[in-house]
Amino acid sequence: MVIKSFHNIDESQEEQIRELEEICNLAEKPFLQSYVYLDSKANAEPDRDCFYLLYEDNELVGFLSIFAPGEEGEITAFIHPTYRRKGFFTALLKRVTFDWDDLKSFSLVTQPASTSVPAVVKKLKADYLFSEYMMTFHGKTFPRMKNKKGFQPVTLIKAKDADAEKAVPLLASLFHMELEDAEGWFFRLCESPDTTVYFAKAGNAVVGTGCFTIEEERMTLFAIGVKKALRGRGYGQDILHQLIEQWEQAYHSTDLSAELDSEHPEAVSLFKKYGFETEIQFDYFRLPK
């Protein structure tokens, strides 16, 4: 067994990883739809090794990645079906938790459809945290806007680096982040040529945010949020409505998807009303330190 770590993946390595991933996906019943992200730029330390490749007799049989935008690390891993129950996953996990020992905590990212997950979670004594949903837009007549008292139409204003003073505390509040983590996240989003970050303003007041990224013929909506005191007035619906209109006008040749989680059930419900359906669900489990 040989474990090698990298922060950049070359074409040959990516081909091997995708082949192993496909084998693991097809080994499950029903088939999984895992497609691991192979870019370290979203990490707080993009030049730090975050991809771990495990070889047996020069064959790639195990892979693990860690996503660490702040003080917590999210671990995704898969092992070739033939090589399971041989301690390979445990070896990868020990290596990454040793290398990233400065993090506050680790969570394991899984798919509930995987038949191997329950046993792994039980063995690790991991605790369920939340679920994340990748939803895809299937087209639907927009629901009628139901604006409550005090509502003003939203204007989307593109955020820039110079807006950090007001953007960082807003993101931290909306998405339950530490200020330091929110700051790093904001600057990485602004630096990405594929990502657009918006403030949502009603009159002169900032009421929330909305973001999207364009990658591999897909427009993905994320970080759509409204200040707690202003929820229930229709602002979230207006932000979503305008982002979908942007997709229709400028990116209609791409697929439209959204990233949401179980900690915001109102948002999940809103997206469903607009014709989004869950394609993939990821469950997060906190690992004991």
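Not measured: the values here are computed from a predicted model. (Residues numbered from 1 in each chain as written. Predicted model: local features only at pLDDT ≥ 70, side-chain atom pairs only at ≥ 80, totals over all residues. Heavy atoms only, no water.)

Draft legend 1. Local environment of the nonpolar core. By size, the foremost hydrophobic cluster in this structure holds 36 residues, and its most contacted members are Ile17, Leu53, Phe63, Ile66, Ile75, Val96 and Trp100. For this core, the secondary structure elements donating two or more residues are α1 (11-27), β2 (51-56), β3 (59-67), β4 (72-79), α2 (88-99), β5 (105-110), α3 (117-124) and β12 (276-287). In terms of nonpolar packing, the next biggest core, distinct from the first, is built from 30 residues, Ala202, Val207, Leu230 and Tyr274 among them. (Core = buried A, V, L, I, M, F, W, Y, C linked by side-chain atoms within 4.5 Å. Buried < 20%, exposed > 50% of the residue type's maximum accessible area, 1.4 Å probe, protein only. Helix = DSSP H or I, 4+ residues; strand = E, 2+ residues; numbered from the N terminus.)

Draft legend 2. Structural context of the sheet that holds β2. Strand order in the open sheet formed by 12 strands is β1-β2-β3-β4-β5-β12-β6-β11-β10-β9-β8-β7, and the pairing between neighbours is mixed. Sheet topology places β1 (2-6) and β7 (154-158) at the edges, where each strand pairs with a single neighbour. Each adjacent strand pair in this sheet contributes to an overall mean axis angle of 25°, direction not counted. Relative to strand β11 (residues 255-261), strand β6 (residues 127-137) is paired through five bridges, and the arrangement is antiparallel. (Pairing = 2+ DSSP bridges. Axes fitted to C-alpha atoms, helices over the stretch in contact; angles between N-to-C directions.)

Draft legend 3. Expanded view of helix α6 (residues 235-250). Helix length check: α6, at 16 residues, gives a terminal C-alpha distance of 23 Å against a target of 22 Å (1.5 Å per residue), a fit within 8%. If you check which residues of α6 are buried, you get Tyr235, Gly236, Gln237, Asp238, Ile239, Leu240, His241, Leu243, Ile244 and Trp247. (Expected span 1.5 Å × (residues − 1).)

Draft legend 4. Local environment of a negative patch on the surface. Together, Asp10, Glu11, Glu15, Glu19, Asp57 and Glu59 make up a negatively charged patch on the protein surface. Of all the elements, α1 adds the most residues to the negative patch, at three residues. Along the polypeptide, Glu15 turns up in helix α1. (Patch = residues over 30% accessible without salt bridge, like charges linked within 9 Å, V, L, I, M, F, W, Y side chains within 5 Å. Areas by Shrake-Rupley, 256 points an atom, 1.4 Å probe, with all protein chains shown as cover. Salt bridge = Lys/Arg side-chain N within 4 Å of Asp/Glu carboxyl O. Lys, Arg positive; Asp, Glu negative; His and termini not counted. Charge placed at Lys NZ, Arg CZ, Asp CG, Glu CD.)

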